[in-house]
Amino acid sequence: DGGITQSPKYLFRKEGQNVTLSCEQNLNHDAMYWYRQDPGQGLRLIYYSQIVNDFQKGDIAEGYSVSREKKESFPLTVTSAQKNPTAFYLCASSIPHTRGTRDTEAFFGQGTRLTVV
Amino acid sequence: AQKVTQAQTEISVVEKEDVTLDCVYETRDTTYYLFWYKQPPSGELVFLIRRNSFDEQNEISGRYSWNFQKSTSSFNFTITASQVVDSAVYFCALSEPLSMNTGFQKLVFGTGTRLLVSP
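Peer 1: Help me understand the packing of aromatic side chains in this model?
Peer 2: In this description, a pair of aromatic rings is defined by centroid distance and the angle of the planes. Using the criterion set out here, one finds 21 aromatic pairs over all chains in the structure. Ring geometry for A:Y47 and A:F55: centres 6.0 Å apart, planes at 75°, overall edge-to-face. For A:Y47, a relative accessible area of 7% corresponds to the buried category. An aromatic cluster is present here, built from A:Y33, A:Y35, A:F108, B:Y33, B:F35, B:Y37, B:F47, B:F91 and B:F109 joined pairwise through their rings.

Spelled out as structure tokens, the structure:
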């Protein structure tokens, strides 16, 4: 079955440590996204990539880094510079909205819950 | 800038009641998409519906229906005869172009409405 796989489901980070969240998709989607969800808030865009080897900052990119070496993979690194990393992280992918294109909604993974200990 | 407002933080109903989740949006774009997603306790966002800004027809899918009114910038979601399995957080979202001519869009989310359906 096609879909998006995020791992791990739960992740604990010590102060000052970098951690990497994995996101893999087999939907053959060009675009991939990382969103952050905090309690009582909507999702906010961290980074996105529209094509391999290219990515752009979203609304809250500080303290995060990404890479897009393969179409299927878009890992997110939460660096020690991120002062408040405890949150739920969701990865998504989509195809472009062009005339006549349907099924352009974003598909989401099951998320990674990151906790700083 | 785009904005989505879901004023209802939490709604509690008893099974078989009808419930409407409100969504109001702001955008300067003339072409946009509106979405509803369901987030069950497992965390994954499940796509429910996409509506193009040019299509104001209401839509019904089983117990779910959506009322899109451009004049009031609202895209409300109604669940008829609610069931316990409908308990989840529901997000309304609005598309915003990421860059010109690529067709890719990000989603601007509301803060979500938690629906609790009790037996």
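Peer 1: Teacher, can you tell me more about the pairing of strand 3 (residues 19-25) of chain A here?
Peer 2: Walk down a regular strand and you will see the side chains alternate between the two sheet faces. Residues and elements named next belong to chain A. Judged by which residues are buried, strand 3 turns out to be one-sided: V19, L21, C23 and Q25 face inward and are buried, whereas T20, S22 and E24, on the alternate face, are not. One ladder, built from three bridges, connects strand 3 with strand 8 (residues 76-78); its direction is antiparallel. Pairing of T20 across the sheet is with T77, part of strand 8.

Peer 1: What should I look at first to understand the interface of chain A and chain B in this one?
Peer 2: Quite often, the size of an interface is put as the accessible area lost when its parts meet. Listed as interface residues are 27 residues of chain A and, on the opposing side, 22 residues of chain B. Interface of chain A and chain B: buried area, both sides summed, is about 2100 Å²; carbon and sulfur atoms make up 55% of it. For B:K106, the salt bridge goes to A:D59, with nearest N and O atoms at 2.6 Å. Put simply, the parts of the chain that give the side of chain A that touches chain B at least two residues each are strand 4 (31-37), strand 5 (43-51) and strand 9 (87-94) of chain A. A breakdown of the residues in the side of chain A that touches chain B according to their chemical character gives 12 nonpolar, 10 polar and five charged.

Peer 1: It is not clear to me how the state of the cysteines should be interpreted in this structure. Could you clarify?
Peer 2: Disulfides are covalent bonds that link the sulfur atoms of two cysteine residues. All names here are of chain A. Enumeration over the complete set of coordinates arrives at two disulfides over all chains. A disulfide bridge connects C23 with C91, and the sulfur atoms are separated by 1.9 Å. Here the disulfide of C23 and C91 is left-handed, its torsion about the S-S bond being about -75°. With C23 in strand 3 and C91 in strand 9, the pair connects residues that are 68 residues apart, well separated along the chain.

Peer 1: What am I meant to see in the environment of B:F77 here?
Peer 2: All names here are of chain B. Among the secondary structure elements, F77 is positioned in strand 9 (residues 74-79). What makes F77 buried here is its relative accessible area of 0%. Distance in space between the C-alpha atoms of F77 and W36 is 8.1 Å, their sequence separation being 41 residues. Those residues within four positions of F77 in sequence are excluded, and the remaining contacts are V19, T20, L21, W36, L48, Y64, S65, W66 and Y90.

Peer 1: Help me out: how do you make sense of the environment of A:L27 in this one?
Peer 2: Here A:L27 is to be found in the loop between strand 3 and strand 4. Spatially, the C-alpha atom of A:L27 lies 7.6 Å from that of A:I4, the residues being 23 residues apart in sequence.

Peer 1: Just checking my understanding: could you explain the side chain of B:N76 for this structure?
Peer 2: Residues and elements named next belong to chain B. Tracing the chain through its elements places N76 in strand 9. A polar atom in the side chain of N76 sits 2.9 Å from the backbone nitrogen of C23. The residues touching N76, leaving out its near neighbours within four places in the chain, are T20, L21, D22, C23, W36, S65, W66 and N67.

Peer 1: Sorry if this is basic, but what is going on with the pattern of salt bridges here?
Peer 2: When the charged atoms of two side chains lie near each other, side chains of opposite charge can form a pair. All names here are of chain A. One pass over the structure, following the stated rule, counts seven salt bridges over all chains. For K71, the salt bridge goes to D30, with nearest N and O atoms at 3.4 Å. Highlighted residues: K71 in the loop between strand 7 (64-66) and strand 8 and D30 in the loop between strand 3 and strand 4, separated in sequence by 41 residues. According to the relative accessible area criterion, D30 is partly exposed, its value standing at 32%. Counted as one network, the salt bridges with shared partners bring together R36, D38 and R44.

Peer 1: Any chance you could explain the sheet that holds strand 7 of chain A here in plain terms?
Peer 2: Picture the strands of a sheet paired through backbone hydrogen bonds; they go either parallel or antiparallel. All names here are of chain A. Here four strands make up an open sheet; going across it, the order is 1-3-8-7 and the pairing antiparallel. Both edges of this open sheet fall to strand 1 (4-7) and strand 7, since each of them pairs with a single strand only. Between one strand and the next, the sheet's axes are offset by a mean angle of 20°, whatever the strand orientation.

Calculation rules
- Residues numbered from 1 in each chain as written.
- Chains lettered and ligands numbered in written order.
- Predicted model: local features only at pLDDT ≥ 70, side-chain atom pairs only at ≥ 80, totals over all residues.
- Heavy atoms only, no water.
- Phe/Tyr/Trp six-rings, centres within 6.5 Å; stacked < 30°, edge-to-face > 60°.
- Buried < 20%, exposed > 50% of the residue type's maximum accessible area, 1.4 Å probe, protein only.
- Helix = DSSP H or I, 4+ residues; strand = E, 2+ residues; numbered from the N terminus.
- Pairing = 2+ DSSP bridges.
- Contact = heavy atoms within 4.5 Å.
- Buried area = accessible area lost by both parts, 1.4 Å probe.
- Salt bridge = Lys/Arg side-chain N within 4 Å of Asp/Glu carboxyl O.
- Nonpolar A, V, L, I, M, F, W, Y, C, P; charged D, E, K, R; others polar.
- Disulfide = S-S within 2.5 Å.
- Polar contact = N/O pair within 3.5 Å; in protein donor to acceptor, adjacent residues only side chain to side chain.
- Axes fitted to C-alpha atoms, helices over the stretch in contact; angles between N-to-C directions.

Remember that the coordinates give geometry; whether it matters functionally is a separate question.
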